[in-house]
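# Structural overview
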Amino acid sequence: MPKIVDHDERRREVLSAASRVIVRDGIDAATTRAIAKEAGYSNGVLAHYFADKDEILLSALRHSHRRIRGRLTGKVAGMTGLAALREVLLDNLPLDAERCEETRLEVSFWSRSLASERLAEVQRAEAGELRAAVRELLEQARAAGELSTDDDLDDVAERLLALVDGLSLHLLLYPDRMGRDAAERLMTQAVERL
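Analysis parameters
Residues numbered from 1 in each chain as written. Predicted model: local features only at pLDDT ≥ 70, side-chain atom pairs only at ≥ 80, totals over all residues. Heavy atoms only, no water. Helix = DSSP H or I, 4+ residues; strand = E, 2+ residues; numbered from the N terminus. Buried < 20%, exposed > 50% of the residue type's maximum accessible area, 1.4 Å probe, protein only. Contact = heavy atoms within 4.5 Å. Areas by Shrake-Rupley, 256 points an atom, 1.4 Å probe, with all protein chains shown as cover. Lys, Arg positive; Asp, Glu negative; His and termini not counted. Charge placed at Lys NZ, Arg CZ, Asp CG, Glu CD. Salt bridge = Lys/Arg side-chain N within 4 Å of Asp/Glu carboxyl O.

Each helix and strand counted, the chain has 9 helices and 0 strands in total. Reading the helices (α) and strands (β) of the chain from amino to carboxyl end gives α-α-α-α-α-α-α-α-α. Dimensions of the chain, computed from the C-alpha atoms along their principal axes, are close to 65 × 40 × 30 Å. The buried share of the chain, reckoned over its 194 residues, is 41%. For the chain, contacts bridging at least 24 residues in sequence account for 63% of all contacts bridging at least 6. Looking at the chain as shown, the accessible area adds up to about 10,700 Å², and 51% of this sits on carbon and sulfur atoms. Across the chain, 29 positive and 35 negative side-chain charges occur, with their mean positions spaced 5 Å apart.

Within the secondary structure, Phe 50 sits in the loop between helix H3 (43-49) and helix H4 (53-75). Since its relative accessible area comes to 3%, Phe 50 is described here as buried. Sequence separation between Phe 50 and Val 14 is 36 residues, and the spatial gap between their C-alpha atoms is 9.7 Å. Setting aside residues no more than four positions away along its own chain, Phe 50 makes contact with Arg 11, Val 14, Leu 15, Glu 55, Ile 56 and Ser 59.

If you walk through the whole model with that rule in mind, you get 21 salt bridges. Put simply, Asp 25 and Arg 24 hold a salt bridge, and the shortest N to O gap is 3.2 Å. A residue is classified by how much of its surface remains accessible, and Asp 25, at 44% relative accessible area, is partly exposed. Among the charged side chains, a network of salt bridges with common partners joins Arg 71, Lys 75, Asp 91, Glu 98 and Glu 102.

Structurally, Val 122 is set in helix H7 (residues 117-143). Owing to a relative accessible area of 7%, Val 122 belongs among the buried residues under this scheme. In sequence terms Val 122 and Ser 111 are 11 residues apart; their C-alpha atoms lie 13 Å from each other. If we ignore the near neighbours within four places in the chain, the residues touching Val 122 are Leu 58, Leu 61 and Arg 62.

Here is the structure:
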């Protein structure tokens, strides 16, 4: 009897393996051979599911973003305005092992995206979704009278997202200087000052 293969599960295993290689060894080390070895498959299996290395990398990034969106949806269920905004922003900081790996994966794509328009387009689209969510929560907060600032909400959204990026990099690069408690405190203060 032929072996029944769950193709969706196999794709997820390859994407998880790609993410592990990127997080552990860097994006340049994420060759198809290294990803196949990590997943426990041959290069031929990867070629069956993905056209090339870039498709694997893009799919791994999108897979990570889908997991993050799912987690965030659960965290902010029933919340609006500043309360939801605070959760969204804090969830995007590497404050635990899972989010640290997600952030390392994300940051690994940044430099590569500067040289690849295809990767840059995906980065922009995914970042655009987060920006739209932050902007919408700011609008809800303003409509509910939760904001004391009259600043343009597009500017506020950009400042908050820049703070997320900066704090995330500091947490990854300077763990002796920037601890998780400090990053959480700084982000919470930024939201409270609105």
